[in-house]
Amino acid sequence: MMITGRTRWKMCTYARVRCEILSEGARLIEGRLRSNGLKFTRLIDPDPYLLASSGDGIYDLGKFLMVIELTDGLGRLFYLTASDVPVSLKELPRPEFVLAFRVKKKEGFLALLDVIGRKGIGGIRHKHRSLLNFLISFAGSLLISSIVNIVNIKGYLGPAILMLPLALAIFIVLDYPFSLLYLKGVEVIQNPEPSAKVFIIKVKRTEKKGS
């Protein structure tokens, strides 16, 4: 009989960083990662499959996984790295957004990378996820109550049987892709740890004055 220990979760931080000049932003990020003694994988405009497969070798390198997406609006550059301790990049300004995840298994981490590669995470939808989830829950409860009243189900068992699959369907559809990631062992954390933040880089080109 095999006895398994307590599940060991890993922390994954994903940050989207915008800059005006991709090469300059890359130089600053790589310098900061190296100053923290981190080895990293850099991918230039990878497709979702390449991004996910590259995470296979990163997962076992540390307890704290980091995915940095650098973009100038046209191209995308990804950095994948891992550490046994959380890394803080305090010298840089704030990013477009930062999300943290608890990851239960490697397959979940690869699924998360696939979603990121397909641009499935980002925008106002995820910046204000707490408020949106509240509104989703409120609207869902009204919808379920309305359906119960329309079909005129009496008693307690009937409404409960109807409400459970409807609530699950609402959760999966409206909280996508987080709902499917959760089923694969990836749990989103609304507020990442301060020590694990990654920050935006804003670079401006300057012209040299003639003598």
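A short tour of the structure in this document, coming up. The shown structure was predicted, so the numbers you read here are calculated from the model rather than taken from an experiment. (Residues numbered from 1 in each chain as written. Predicted model: local features only at pLDDT ≥ 70, side-chain atom pairs only at ≥ 80, totals over all residues. Heavy atoms only, no water.)

## Things to note about the overall build of the protein
For step 1, the next point in the chain: A count of helices and strands for the protein gives seven helices and six strands.
For step 2, the next point in the chain: The N-to-C order of helical and strand elements in the protein reads β-α-β-α-β-β-β-α-α-α-α-α-β.
For step 3, the next point in the chain: At a minimum sequence separation of 6, the contacts of the protein that also span at least 24 residues come to 79%.
For step 4, the next point in the chain: When the accessible area of the protein is evaluated, it comes to approximately 13000 Å², of which 59% is carbon and sulfur surface. (Helix = DSSP H or I, 4+ residues; strand = E, 2+ residues; numbered from the N terminus. Contact = heavy atoms within 4.5 Å. Areas by Shrake-Rupley, 256 points an atom, 1.4 Å probe, with all protein chains shown as cover.)

## Overview of the nonpolar core
For step 1, the next point in the chain: Cys12, Val67, Phe101, Phe109, Leu112, Ile116 and Ile121 are the most contacted members of the largest nonpolar core, which totals 27 residues.
For step 2, the next point in the chain: Mapped onto this core, the elements with two or more residues apiece are β1 (10-18), α2 (48-54), β3 (64-71), β4 (76-83), β5 (97-103), α3 (106-117), α7 (178-183) and β6 (186-189).
For step 3, the next point in the chain: Looking at this core element by element, the count peaks at six residues for α3.
For step 4, the next point in the chain: Dropping the residues within four chain positions of it, Phe101 is found in contact with Lys10, Met11, Cys12, Tyr14, Leu112, Ile121, Phe178, Val186, Glu187, Val188 and Ile189. (Core = buried A, V, L, I, M, F, W, Y, C linked by side-chain atoms within 4.5 Å. Buried < 20%, exposed > 50% of the residue type's maximum accessible area, 1.4 Å probe, protein only.)

## What about the packing of aromatic side chains?
For step 1, the next point in the chain: Counted according to the given criterion, the structure contains three aromatic pairs.
For step 2, the next point in the chain: Summarising the aromatic geometry, the rings of Tyr14 and Phe97 are spaced 5.6 Å apart at their centres and angled 75° between planes, so their arrangement reads as edge-to-face. Of this pair, Tyr14 sits in strand β1 while Phe97 is found in strand β5, placing the two residues 83 residues apart along the sequence.
For step 3, the next point in the chain: A residue is classified by how much of its surface remains accessible, and Tyr14, at 0% relative accessible area, is buried.
For step 4, the next point in the chain: With relative accessibility at 6%, the residue Phe97 sits in the buried group.
For step 5, the next point in the chain: If you follow Lys10 out to its NZ or CZ, it ends over the ring of Tyr59, 4.2 Å from the centre. (Phe/Tyr/Trp six-rings, centres within 6.5 Å; stacked < 30°, edge-to-face > 60°. Lys NZ or Arg CZ within 6 Å of the ring centre and 35° of its normal.)

## Quick word on the pattern of salt bridges
For step 1, the next point in the chain: Scanning all chains against the criterion turns up eleven salt bridges.
For step 2, the next point in the chain: With its nearest N and O atoms 3.8 Å apart, the salt bridge here joins Lys106 to Asp56. Of this pair, Lys106 sits in helix α3 while Asp56 is found in the loop between α2 and β3, placing the two residues 50 residues apart along the sequence.
For step 3, the next point in the chain: Notably, a salt bridge pairs Glu187 with Arg102, separated by 2.9 Å at the nearest N-O pair. (Salt bridge = Lys/Arg side-chain N within 4 Å of Asp/Glu carboxyl O.)

## Here we look at α3
For step 1, the next point in the chain: Between its first and last C-alpha, α3 extends 16 Å over twelve residues, near the 16 Å set by a 1.5 Å rise per residue.
For step 2, the next point in the chain: Looking only at α3, the buried set comprises Gly108, Phe109, Ala111, Leu112, Leu113, Val115, Ile116 and Gly117.
For step 3, the next point in the chain: Following α3 by one or two positions, Lys119 has its phi on the positive side, about 60°. (Expected span 1.5 Å × (residues − 1).)

## Looking at the pairing of β5
The two faces of the sheet receive side chains in turn, since in a regular strand these alternate between them.
For step 1, the next point in the chain: Counting buried positions over the seven residues of β5 gives six, a clear majority of the element.
For step 2, the next point in the chain: In the sheet, β5 pairs with β6 via four bridges, with the strands oriented antiparallel. The partner of Ala100 across the bridge, within β6, is Ile189. (Pairing = 2+ DSSP bridges.)

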